[in-house]
Amino acid sequence: MNFENLLIEVGTEELPPKSLRKLAESFLSNFTDELKKAELNFESAVWHAAPRRLAICVNQLVLAQADKVVEKRGPAVAQAFDADGNPTKAAMGWARGNGITVEQAGRLKTDKGEWLLHQAKVVGVETKSLIAAMAQRSLDKLPIPKPMRWGNNTTQFIRPVHTVTMLLGSEIVAGELLGIKSDRVIRGHRFMGQASFELDHADNYLSALKEKGKVLADYEVRKAIIKTDAEAAAAKIGGIADLENELLEEVCSLVEWPVVLTANFEEKFLDVPTEALVYTMKGDQKYFPVFDKAGQLMPHFIFVTNIESKDPQQIIAGNEKVVRPRLADAEFFFETDKKTSLEARLTSLETVIFQKQLGTIKQRVERISAMAGFIASSIGANAEEASRAGLLSKSDLMTNMVMEFTDLQGTMGMHYARLNGETEAVALALQEQYKPKFSGDTVPTAAISVCVALAEKLDTLVGIFGIGQAPKGAADPFALRRAAIGILRICVENNLPLDLVDLIAKAQELHGSNLSNDTTAEQVLEFFMGRFRAWYQDQGVSVDVILAVLARRPTSPADFDSRIKAVAHFRTLEQALALAAANKRVSNILAKVKGDIPASIDASLLTETAEKALAEKLKELQPKLAPLFASANYQEALALLADLRESVDTFFEDVMVMVDDEALKNNRLALLSSLREQFLHAADISLLQ
């Protein structure tokens, strides 16, 4: 048999659940890369992972490398022999290095000359002699931020290692991984099945673990069981389980033999805001909350245990007992917080520093309030409500609930605002001020929410740049890149008539003497321009399209987006590349001109048919283009300009621009300048490729 299946399993202490999939995928990727480098063919490879093991299975792995002939070229024949035909030192040294004499060397003739050549047969190495070293290199490359040592070992890994099993078919692969010798011993479940057993063949890994060890090592099978059983359990009580994938993955990574159970909590806790209860169940206990069909939280939760119990009611009761004090804490914090309004908490914000040079959080909310009001006036929103929301935006940071459950900042502000009698727009703005929180998150669309979200991010961005702490390299401790992208997205996706220059200037004015950086405005604007490029590249927009728009430096995000879409569409037109090339030619011609170019075209100096036709076409288009550019309808404008292709091509074929007659030359330059100016209203399309 020339092929066999390979198993490599590393048995460990419990691995970090949030990293389990990443570790397993990386192990597989690293090892298959090693196989390819070693020219060892295989049919397929998969990873398996459970809390106490990482494994990879390679199917139909070739048992030895193929023999091959390696050609080793030596010095050119002209340099290999002296005038008397004797081998030179270079030739003899090369031959000696290959274990032959110069006389035994062959010749390689090409159209560029002749060289000495040795064809060495390399016998393929047995696969089993390579596996251990390849596996160790693969483990060494795993993404482990903080490796640990255990016992008296100098070996480091993410968790202590107890067993290593490397089987090629039924044969043990000799070697060590992480200081542990390879054997056929596999550890089972901690509390069920056999504590350990010997595996007879790589093919039996999953079945033997399931039957003897009570371990489901197939990660995806485990995850599917949890999902299916949890959905069924929720349906049984008339609800829908909140099976967020991130939590589902974490729970799957915590158990080897999943058993899904349903438990309850007291209905009185439903008076506490749902988000706090869900946060407690999901974040602290790894439970799945259950909602009814109307989206209301039910007094039930679903959890996954790692053992099959003869009396599951005992496990259910234990989990109900554990979660109750957590929910009671949330209830107590909520009831206590309700006694003090958000407005009354403003004074306490004076005791908390936002940033040493930028003042307290109280000073920060006053700036956010003023900035939100300014933005509201600019977009036709209620400035009074925006200012009010900005002022209250950080008050919930001083509540017991947020101090205990920090991820609920903003959300609890919304609930408390409603209880305090604030308008719904103000309450919603307190929750949505941090959006978008991550890539792919939605942006706020309600007017007051938009104002506060923009103001909150602008205050941070301008303030941090203003004290000289702009991001450097990959470091971005204040998440300014995320803030900038958030501002751009909010403006673009809501099509807001806002200009970055105005927003930056207002934020800078509100910071006043806090700022020590004299070039704050310029640096922040340049930072936004860089974020434009990164954002559109992530969306798959061609770099040349982005550069064409960036060349015009539009500072309104909505306007920038309109130009991007227009140029991207223009680039798909048949005429685009020819007009881009023509614009580049025009740009080069105009760049070499010394002195001023006439502002207008003198029709009496148009002598050639081609230049008359181009001038006439431009004159005809300009009244149509002006309103399109004024309304930022760049796509339709560029579509009209695409009709100029034939006239432009004919002009360059038939007309000499740089003639001796100064008047004719300047008039033709004016014509080209007018042509280019029309395109530049949208973008510099000469940069398109």
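Heads up: these notes are all about the structure in this document.

**Brief notes about the overall build of the protein chain**
When helices and strands are tallied, the protein chain shows 25 helices and 18 strands. Compactness check: the protein chain gives a C-alpha radius of gyration of 36 Å against a globular reference of 26 Å for 689 residues, more than 25% above the reference. Once the C-alpha set of the protein chain is aligned to its principal axes, its extents read approximately 105 × 100 × 50 Å. Within the protein chain, buried positions represent 49% of all 689 residues. Sequence-distant contacts in the protein chain: of pairs separated by 6 or more residues, those separated by 24 or more amount to 68%. Accessible surface computed for the protein chain: about 32700 Å², of which carbon and sulfur atoms make up 49%. The protein chain carries 78 positive and 92 negative side-chain charges, and their two centres are separated by 4 Å.

**Let's talk about the sheet that holds strand 1 (residues 3-12)**
One key point about sheets: their strands pair by backbone hydrogen bonds, in either a parallel or an antiparallel sense. Spatially, the five strands line up as an open sheet ordered 2-3-1-7-8, and their pairing is antiparallel. Both outer strands of the open sheet, strand 2 (44-50) and strand 8 (171-172), are each paired with one neighbouring strand and no more. Bridge analysis of strand 2 against strand 3 (residues 53-62) gives seven bridges, and the strand direction is antiparallel. Its bridge partner being in strand 3, Trp47 is matched across the sheet by Ile56.

**Some words on the nonpolar core**
Met401 and Phe528 are the most contacted members of the largest nonpolar core, which has 137 residues in total. In contact with Phe528, not counting residues within four places along its chain, are Leu458, Leu461, Ala484, Ile487, Leu488, Leu500 and Ile504. By size, the runner-up hydrophobic cluster in this structure holds 55 residues, among which are Leu20, Val161, Val164 and Val255.

**Quick word on the pattern of salt bridges**
Overall, the coordinates contain 44 salt bridges when judged by the stated rule. Residues Glu249 and Arg21 are paired through a salt bridge, measuring 2.8 Å at the closest nitrogen-oxygen approach. In this pair, Glu249 is assigned in helix 7 (residues 245-252) and Arg21 in helix 1 (residues 20-37), connecting sequence segments 228 residues apart. The partner of Asp284 in a salt bridge is Arg326, with the nearest N and O atoms 2.3 Å apart.

**Points about the environment of Val586**
Structurally, the position occupied by Val586 is in helix 21 (residues 576-591). Along the chain, Val586 and Arg676 lie 90 residues apart, while their C-alpha atoms are 7.2 Å from each other. Sequence-distant contacts of Val586, defined by excluding residues within four places in its chain, comprise Phe652, Leu672, Leu675 and Arg676.

**Regarding unusual backbone geometry**
Here the residue pair Lys435 and Pro436 is connected by a cis peptide bond, since its omega of -5 degrees sits within 30 degrees of zero. Tracing the chain through its elements places Pro436 in the loop between helix 14 (424-432) and helix 15 (447-466). Within the chain, Glu39 stands out as a residue other than glycine whose phi angle is a positive 60 degrees. Structurally, Glu39 can be placed in the loop between helix 1 and strand 2. A positive phi is found at Arg553, a non-glycine position, where the angle reads about 50 degrees. Among the secondary structure elements, Arg553 is positioned in the loop between helix 19 (543-550) and helix 20 (557-570).

Scoring rules and cut-offs
Residues numbered from 1 in each chain as written. Predicted model: local features only at pLDDT ≥ 70, side-chain atom pairs only at ≥ 80, totals over all residues. Heavy atoms only, no water. Helix = DSSP H or I, 4+ residues; strand = E, 2+ residues; numbered from the N terminus. Rg over C-alpha atoms; globule rule 2.2 N^0.38 Å. Buried < 20%, exposed > 50% of the residue type's maximum accessible area, 1.4 Å probe, protein only. Contact = heavy atoms within 4.5 Å. Areas by Shrake-Rupley, 256 points an atom, 1.4 Å probe, with all protein chains shown as cover. Lys, Arg positive; Asp, Glu negative; His and termini not counted. Charge placed at Lys NZ, Arg CZ, Asp CG, Glu CD. Pairing = 2+ DSSP bridges. Core = buried A, V, L, I, M, F, W, Y, C linked by side-chain atoms within 4.5 Å. Salt bridge = Lys/Arg side-chain N within 4 Å of Asp/Glu carboxyl O.

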